[in-house]
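Close look at the chain arrangement
Below, each chain spelled out in residue letters.
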Amino acid sequence: LYWGGRDPACDYIYQDELAQMLENEHLTELRVAFSRGKTKAYVQDLLRDDSDKIRLLLLDNAEIMICGGREMAAGVEEALEFILSATTISLTEIKNAHRYREDVY
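Let us look at the structure shown here. The shown structure was predicted, so the numbers you read here are calculated from the model rather than taken from an experiment. (Residues numbered from 1 in each chain as written. Predicted model: local features only at pLDDT ≥ 70, side-chain atom pairs only at ≥ 80, totals over all residues. Heavy atoms only, no water.)

**What to know about the environment of Leu27**
Here Leu27 shows up in the loop between helix H1 (15–23) and strand S2 (31–34). By relative accessible area, Leu27 is classed as buried at 14%. Taking the C-alpha atoms as reference points, Leu27 and Leu1, 26 residues apart in sequence, are found 7.4 Å from one another. Those residues within four positions of Leu27 in sequence are excluded, and the remaining contacts are Leu1, Leu18, Met21 and Leu22. (Helix = DSSP H or I, 4+ residues; strand = E, 2+ residues; numbered from the N terminus. Buried < 20%, exposed > 50% of the residue type's maximum accessible area, 1.4 Å probe, protein only. Contact = heavy atoms within 4.5 Å.)

**Some details on the nonpolar core**
Grouped together as the largest cluster of nonpolar side chains are 16 residues, with contacts concentrated most on Leu47, Leu58, Ile64, Ile66, Leu80 and Tyr100. Of all the secondary structure elements, the ones that give two or more residues to this core are helix H2 (43–49), helix H3 (51–59), strand S3 (64–68), helix H4 (70–84), helix H5 (91–96) and strand S4 (100–104). When residues in this core are grouped by element, the largest group, six residues, is from H4. Judged by nonpolar contacts, the second largest core, of six residues, contains Tyr12, Leu18, Leu30 and Phe34. (Core = buried A, V, L, I, M, F, W, Y, C linked by side-chain atoms within 4.5 Å.)

In structure tokens, the structure reads:
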């Protein structure tokens, strides 16, 4: 799970629940990015950092679910297109296969 927010001090909702999900292995990994605070990062930055892992997951038919603001979703799409540029599949193909879902505002 890649999760992003603005400020870790006030926007890290579900922090306890996510930690519990990691502990009981309902989540295998949690990557968190905050656009404000000590270390500025966005979800799309984390995706690019994990390009090799994301690429392998997508080649193995992983599904993508995006929830959040339209600007973030656009940045995530751009990062995914970059990640997929080293493969024979495209983000359009993933979308057409119903492996990409969005709930953006």
